[in-house]
Every structure is written in C-alpha cells, then in structure tokens.
Amino acid sequence: MAISPGSDAAFSSQKSSLCESPRTKKYPLNEEEIFYMSCRAAYLTVFKSSLENIISKDQLYLALQHAGRNPSQKTIDKYWTPQTAKLNFDDFCIILRKEKPTSKAELLKSFKQLDINDDGCILHTDLYKLLTKRGEKMTREEVNAVINLADVNADGKFDYIKFCKLYMTTNEQCLKTTLEKLDVDSKLRRQQFGSHIEGFPERDPSPVPKPSPRIIRKTDQETFSNKGDSRSSLLATSRKLKTSVSFTITMEANSNRNSKLTEPNSIKVFGWTGELGPGIYWLIPSTTGCRLKKEVKPITEEAQLVRRDETGELFLTKEFRSTLSDIFEIIDLDGNGLLSLEEYNFFELRTSGEKCDEDAWAVCRENFDTKKNELTRQGFMDLNLMEANDREGDPRDLWVTLLSMGYNKALELTEACPFVIDIYADKCKPRMKAVHMEPCSGQLEKAICKSVLNKGNAKVMDGYENIIVYTHKHDTWITSIIENKSDNKVIIHINNELSKNCINNRGLNIFAVEVAPKSTMVCQHVMPLNERQEWIYNCVYSLIS
C-alpha cells in the first residue's frame, strides 16, 4: 500500500489503486486447456522454462514420468532417434497426445498372465524369469530392486495388486505435485511482480500446439502406443521403484490430559530454557502442519463488512470492527497499542506484498489518527473505512486483506495461529526484533534439516549410498528428512499405509517427493491422531527410477 503525498482526494485515489490486487477471471477450463496445463506443469518440473529444449533421452523420460506416463525404452527410442538433437515443448505435447497413460486394468492384465494360482501374487522365481529372459530384459540388480520393495513383497511372492495400486497412486501424486508446483510458482510470481500473471488468455482457449518438423516422420502415420505390448508396460512399471528403506517406531500414549497437542486452537505455553553465548539468534515459530490445515468446511453465509446508514454514509459493521481490532492486536508487535511504520509494513507485506515508504507514512499520519508518529487503533479502523469508500462499498479488497490474515468468510480465524514470544534473561537485557521472512526463503526448512541431521537415525537407500533418510523422534512427533548427495535429482515414493493412529502434514498416506541434487529436504512430520493411545509410525521410502 504505497501512498503518495498530496491532498485527501489524491491520497484516497492512490491508496485505492495500489491496494487493488490483480485477479484473473475464472472460467471453467475446457479439455484442451486442462491438457495444456498438465503438459506445462510436467515440463516445468524438469525445466526452468517451457522455452528450454529437451536435449537427452533421460530428460524426455523424466518429463514423461512427471506427466503420468510410463515409457518403456522402446517408446523412448521411438521419439528419440539417432537423428534427434532436441525436442521442444510443442513436440512434448504431441508425444503426450499419442502416449496415453497406462490404466490399472492394463497393468493387472499384464501381471495376471503369470498368476498361476489366481491369488494376486507371482512367485519371485517366475517374475525373475520373465524380467530377465523375455522381451526388454532387465539386469539382475534391477530385478532384485523390485523383489526387495518391502511393501509389495512377502514370503517369496510379489503382490502385483498392491504394486499396481502403488504405481497408480505414485503416478497420480507425481502429476498432482507438478500441478501444485505450477500453481504455487504462479502465485509467487503474482506476489512478487504485481500485474504479471501466468494463465490462459481470456479470449480463446490455448490452440493445439504446432508440431515441430523434427518429429514429423513416418511415425506420425502410426498409432504410437505400447498398449499392445503388455511386457513393455510391465517392464517399465517394474523399473519405476528401484529400492526402498523402511522405518518402524512405536510411540507410547501421552498420559498428560492437558497436553499442548490436544487443542491446537487454544492458547498454550511452550518454553525453552538454556544458556546462550553472545550473538544474534533467530526464533522461528512454526507448527508441524499435521493439524493446522487449510479450512475445508464450506461457509454458507458471508459476513457483512460494511453498511450504509440512513444518510447513505458507509460504516464498518460491528463484526468487522471486532475482527479489525483483533488484527490490530496481532500486528502490534511491541504491544504498545500503536502501529509503527515497521509494524504496519509487516501487515502490508502479508496482505498486499508491498511496503509503505516514509513519504506515504507521513501522509497517512496527516490523514488518520496517530500518536507519537504511530497509527492508533481508530486510525487503523478509519484507514479500512476509507478503502471501503474508495470502492463505493464493494468489500472485495477488504476480503483480500482478511483472507490473507487467515480469516474465512464467516470472520473466523481458521488459517492462522497468532502467538506471543516473551524472553527472560539473567545478567543482560536482550533486545528482540521482528524480521520478515521472505516467501520460500527456506529458513525454517534449513533449521529443521540441520536439527534432524544432527539428532536423527540415518538409513541409506539400498545400493544408493548418496540417498539417505533421517528420522528423528521427538516427544510428541516424528520428523523425517531426505538427503540427496548425488548430482541428479531423485523422486522418492513414501508409503505410510502400515502406520497406526497417525496423521502427517502431507494429508496423504502415500505420496511422492522430488529431492534436488546436492540438497536436503523435509519429507514429512507425523503426529498421533489420538495422543492418548499408542501410535505406530511405519514408513517405507522407495526410490523411483
């Protein structure tokens, strides 16, 4: 909310225009747009821009996997011939049109041919013969990796029904992750660059991508599908999960009925006592995200924020004023009942992504109630009333502020958790200052990773010494991180289905994560669903090829 000096009228106009957040009109996406968005999401998982080219078979294979496809080597060779130097995004879209995702029924049919007893399982000896002797052969190491997958093998048998379920879920999660990443990246760009919005043009839906001359060959008259070759589908599927490692931890029930985990919405006290040397320390408040999640309960009636009196003048409703008063308390970081420019800018960064400069703040002090050069509670109320008047009573900008602060349409604080930090020290008087954490800065992630690396139990992926899973058991939750020391990014499949009385911050029992090369990432936090009962954490981590 940057404000320019000037008269009351100029102030009002400037404030209105800068508070207005760009929005795209939302129309239902047609089938062509959905396909294009899926293509782009998969492509941008591998490349920084859709203008980059695919320059190797490995890149093509990875991009197709992120699009939920299951390419065999035969399929890759079909599109990447000895004459191919590169493929562009349009080529990629054409390939996806031709290569339809493998269905669960097709996978089951492929495996069922070897199911002698019709019990959903295949003997390891029979599976070994198929994968090493026939069709597109696998190496002994690759077959052993399949047989060693903990969650689909037992008693010398390969449970292909579980495997098919695992495979389909992994594909769905990979595609979901790519779409979510595209959405998050787009939102971040909107926040950082204001009016620059990536999306579909409002005029016509995205046209069918124009094919590149490089792949218009005789193959374009053929039907590119490996559905007829069930073995290719089977082999490519089997190669997806290379190796796995598992953790099992049994946690006792928490006998403390006043546990801080019982009611996450209530006010609780957390504490730390210790000795610190001279220096600057960062306090990063956080939650595991296991219980404080995005609100899914539908709101049937929207609260009214403004009304007009008998004379036609706008005023803030009692409910909205109460909410604004609560927001004022939250952003009044030093608790002195006033808002300094620094405190106000924390609010602005949260709600609009912009800062108010010194000149604009001077104008604000001239037009609204202030004390000691700081904005009073009444001044904060009047500032929001002015915003309502600027929009002639249209509350949309006010709702942007409220939703950004974690309120729903019923004025309930459902997606934020205010907190208070008090510091007590002997022999010194510590100074505390609030610091803005930039979006996606990774400060919290780095702190968690460092802690778990120092304290956690480490297990190396079988046959892949550069991929390590660390698990740390706290008193009331479990955190796992994945370290990738290799030069290539990897995809790890996580299966929590055998856990009991557990809830995790991902909200899914089965999901997949991508770990960048030479990096460490938080995989998941796990807590008890009911802390008064025993809970068992049983997780299998599998490397996806």
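Position numbers for residues start from 1 in each chain and track the written sequence from start to end. The predicted nature of this model means local features are confined to residues of pLDDT at least 70 and side-chain atom pairs, given and counted, to a pLDDT of 80 or more, with totals for whole chains, interfaces and linings taken over all residues. The side-chain quantities take in all heavy atoms of the structure and omit both hydrogens and water.

Numbering of helices and strands runs from the N terminus, with a helix taken as a DSSP run of H or I at least four residues long and a strand as a DSSP run of E at least two residues long. The number of helices and strands found in the protein chain is 16 helices and 16 strands. Relative to its full complement of 545 residues, the protein chain shows a buried share of 41%. Contact between two residues is taken to exist if any of their heavy atoms lie within 4.5 Å; hydrogens are not considered. Excluding contacts between residues fewer than 6 apart, the proportion of contacts in the protein chain whose partners are at least 24 apart in sequence is 70%. Exposure is judged per residue with a 1.4 Å probe applied to protein chains only, and the accessible area is read against the type maximum: over 50% gives exposed, under 20% gives buried, and values in between give partly exposed.

This part takes up the sheet that holds strand β1 (residues 121-123). The three strands are arranged β1-β3-β2 in an open sheet whose pairing can be described as antiparallel. Of all strands in the sheet, those with a lone pairing partner are β1 and β2 (153-154), marking the two edges. Sheet strands touched by helix α7 (residues 124-133): β1, β2 and β3 (157-159). Its angle to β1, the strand with the most contacts, is close to 80°. In this description, strands pair whenever DSSP reports at least two bridges between them. Axis definition: a line fitted to C-alpha atoms, over the contacting stretch in the case of helices. Angles run 0 to 180 degrees between N-to-C directions.

Among the buried residues, those of types Ala, Val, Leu, Ile, Met, Phe, Trp, Tyr and Cys that are joined through side-chain atoms within 4.5 Å form a nonpolar core. Grouped together as the largest cluster of nonpolar side chains are 31 residues, with contacts concentrated most on L305, I327, L375, F380 and L402. Among the secondary structure elements, those contributing two or more residues to this core are β6 (314-316), α11 (318-331), α12 (341-351), α13 (358-367), α14 (377-390) and α15 (396-404). Look past the residues within four positions of I327 in its chain and what remains in contact with it is F347, F380, L402, M405 and Y407. Residues F47, A63, Y79 and I544 belong to the second largest nonpolar core, which totals 24 residues.

Here we have five strands laid out as an open sheet, ordered β9-β10-β11-β15-β13, and antiparallel in their pairing. Each end of this open sheet is capped by a strand with a single partner; those strands are β9 (457-461) and β13 (502-504). The mean inter-strand angle of the sheet, taken between neighbouring strand axes irrespective of direction, is 25°. Two elements, strand β11 (residues 478-484) and strand β15 (residues 519-528), share seven bridges in a ladder whose sense is antiparallel. When the bridges of β15 are listed, I482 appears paired with M521. The sheet contacts of helix α16 (residues 443-455) involve β9, β10 (464-473), β11 and β15, and relative to β15 the element is tilted by about 80°.

Counted residue by residue, β15 has eight buried out of 10 residues, so it is predominantly covered. Pairing of β13 with β15, which is carried by three bridges, proceeds in the antiparallel orientation. The residue bridging N504 from the neighbouring strand is V526, located in β15.

A few words now on the environment of R365. Positionally, R365 belongs in helix α13. A relative accessible area of 27% places R365 in the partly exposed class. Sequence separation between R365 and L375 is 10 residues, and the spatial gap between their C-alpha atoms is 7.0 Å. Within the structure, R365 has its side chain in polar contact with the side chain of N373 (distance 3.5 Å). Two N or O atoms count as a polar contact when they lie within 3.5 Å, although within protein this holds only if one can serve as hydrogen donor and the other as acceptor, and sequence-adjacent residues are included solely when both atoms are side-chain atoms.

Moving on, we come to the packing of aromatic side chains. What counts as a ring pair is set by centres within 6.5 Å for rings of Phe, Tyr and Trp (its six-membered ring), and what kind of pair is set by the plane angle: stacked under 30 degrees, edge-to-face over 60, tilted for all other angles. All chains considered together, the criterion is met by 11 aromatic pairs. A centroid spacing of 5.4 Å and a plane angle of 40° characterise the contact between Y344 and W361, whose relative ring orientation is tilted. With Y344 in helix α12 and W361 in helix α13, the pair connects residues that are 17 residues apart, well separated along the chain. Of the two residues, Y344 and W361, both sit in the buried class. A connected cluster of aromatic rings, assembled from ring pairs, spans F328, Y344, F347, W361 and F380.

The next subject is the confidence of the model for the protein chain. Atom-level detail of predicted coordinates should not be read off regions where pLDDT is low. Here pLDDT means the predictor's own confidence in every residue, given as a number from 0 to 100. Looking at the protein chain, pLDDT values average 76 and 75% of them are 70 or higher. Per-residue pLDDT, averaged within each element of the protein chain, yields its smallest value for helix α1 (residues 8-19) (32) and its largest for β11 (95). Contacts from residues 1-27, a stretch scored under 50 in pLDDT, to residues over four places away or in other chains number 57 contacts. Note on residues 257-267: pLDDT is under 50 here. Beyond four places in sequence and across chains, it has 18 contacts.

You will see that K427, though not glycine, has its phi angle at about 70°, which is positive. Structurally, K427 is set in the loop between α15 and α16. The phi angle at K518 is positive, at roughly 55°, despite the residue not being glycine. The residue K518 is located in the loop between β14 (510-515) and β15 in this model.

Another aspect to go through is a nonpolar patch on the surface. Any residue with relative accessible area above 30% and no salt bridge may belong to a patch, with like charges joined within 9 Å and the nonpolar Val, Leu, Ile, Met, Phe, Trp and Tyr side chains within 5 Å. Shrake-Rupley sampling with a 1.4 Å probe provides the accessible areas, and residues are treated as covered by the protein chains on show and by no other component. Any carboxyl oxygen of Asp or Glu within 4 Å of a side-chain nitrogen of Lys or Arg constitutes a salt bridge here. On the surface, a nonpolar cluster with roughly 490 Å² of combined accessible area is contributed by L283, F419, I421, I423 and M432. I421 sits in the partly exposed class, given a relative accessible area of 32%.

Glancing now at the packing of α7 against helix α8 (residues 140-147). Between α7 and α8, whose axes approach to 10 Å, the crossing angle comes to 145°. Between α7 and α8 lies a crossing whose hand is right-handed. Contacts from H124, L127, Y128, L131 and T132 in α7 reach R140, V143, V146 and I147 in α8. In terms of residue class, the contact of α7 with α8 is made up of six nonpolar, two polar and one charged. In this scheme the handedness of a crossing depends on how the near helix is turned from the far one: anticlockwise by less than a right angle means left-handed, clockwise means right-handed. Here the term charged refers only to Asp, Glu, Lys and Arg, the term nonpolar to Ala, Val, Leu, Ile, Met, Phe, Trp, Tyr, Cys and Pro, and the term polar to all other amino acids, Gly among them.

This next bit is on α16. Helices are assigned an expected span. That span is 1.5 Å times one less than the residue count. With 13 residues, α16 extends 19 Å between its outermost C-alpha atoms, agreeing within 8% with the 18 Å of an ideal straight helix rising 1.5 Å per residue. Every buried residue belonging to α16 is among I448, C449 and V452, and all of these are buried. For α16, the arc enclosing every buried residue in end-on projection is 100°, short of the 170-degree limit, so these residues lie on one face. Those residues of α16 that are exposed and aimed more than 90 degrees away from the buried face are K446, K450 and N454. Among the structural elements, β10, β11 and β15 are those in contact with the buried residues of α16. The directions from the helix axis to the C-beta atoms form the arc being described.

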